[in-house]
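# A structural walkthrough
Letter by letter, the chains look like this.
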Amino acid sequence: MPLTEDILAFLDTETSGLTPGVHRVLEVACILTDLQGRPLSDGVFEAKIQVPDGHVVSKEAAAVNGYDAELWARVAVPFGDFVRFLKLRVPYGHVAVPVGHNVGFDRRMIHESHYGGAFCPLSYHLIDTVSLAGVLRAAGVIIVPNLKLVTVAAALGVTHDSAHRAMSDCLAAKGIFDSCVAIVRSAGRGVVIGAAP
């Protein structure tokens, strides 16, 4: 049965390392919207995630994402809280399309490190704001030396308060997506290509 893709999941994770299936999600932020980017009711999740006993957070990762064992011990929640958030908001027979900056990494980390063989309600189809920014750069809409989140956000006038903090990165990616949609709408001036199935 084909799954309906009618929800966008703006998504960012901070992790204990870079290897899905080995390292773990330390922090996750997610904003669920409809296909036009309008937020769903009660569709925002942000939390630090508990680190399993014995799991080692790499020093390099902690230096980037601010992991602090004492802080996490006080405020982190089980990853199951995020699983429940998705389950309650993504209806049966539907999946949410992940949107973010290098979001394939986030999707793989969530699936391989936490869902394993279980069904994950995040689609394999992705909207990566790195690719969207690459198109804007190729078209000369933005002039940037690289496609890093902080660089692209600045070029588009998108607020990005704290790099490598899940919600800040999630909001910046959403701002880039919204800017790209606005640019396309403006350029297309209402032209619709193709027909709805």
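In case you missed it, the structure is sitting above this.
The sections below set out a description of the structure shown in this document.

Rules behind the numbers
Residues numbered from 1 in each chain as written. Predicted model: local features only at pLDDT ≥ 70, side-chain atom pairs only at ≥ 80, totals over all residues. Heavy atoms only, no water. Phe/Tyr/Trp six-rings, centres within 6.5 Å; stacked < 30°, edge-to-face > 60°. Helix = DSSP H or I, 4+ residues; strand = E, 2+ residues; numbered from the N terminus. Buried < 20%, exposed > 50% of the residue type's maximum accessible area, 1.4 Å probe, protein only. Contact = heavy atoms within 4.5 Å.

Moving on to the packing of aromatic side chains. Aromatic ring pairs are described here by two measures, namely the spacing of the ring centres and the angle between the planes. For the coordinates displayed, the defined rule picks out seven aromatic pairs. The interplanar angle of 90° and the centroid separation of 6.3 Å between the aromatic rings of phenylalanine 79 and tyrosine 115 together place this pair among those described as edge-to-face. Within this pair, whereas phenylalanine 79 is found in the loop between helix H2 (69-75) and helix H3 (80-89), its partner tyrosine 115 is found in helix H4 (residues 103-115), the two being separated by 36 residues in sequence. An angle of 15° between the planes, with centres 6.1 Å apart, marks the rings of phenylalanine 82 and phenylalanine 85 as stacked. Taken together, the positions of phenylalanine 82 and phenylalanine 85, both in helix H3 and three residues apart, correspond to about one turn of that helix. Each member of the pair, phenylalanine 82 as well as phenylalanine 85, carries the same accessibility label: buried.

Summarising the element assignment, valine 64 is placed in helix H1 (residues 59-65). When its relative accessible area of 42% is taken as the criterion, valine 64 is described as partly exposed. Taking the C-alpha atoms as reference points, valine 64 and arginine 165, separated by 101 residues in sequence, lie 9.1 Å from one another. For valine 64, the residues in contact, after removing those within four places along its chain, are His164 and Arg165.

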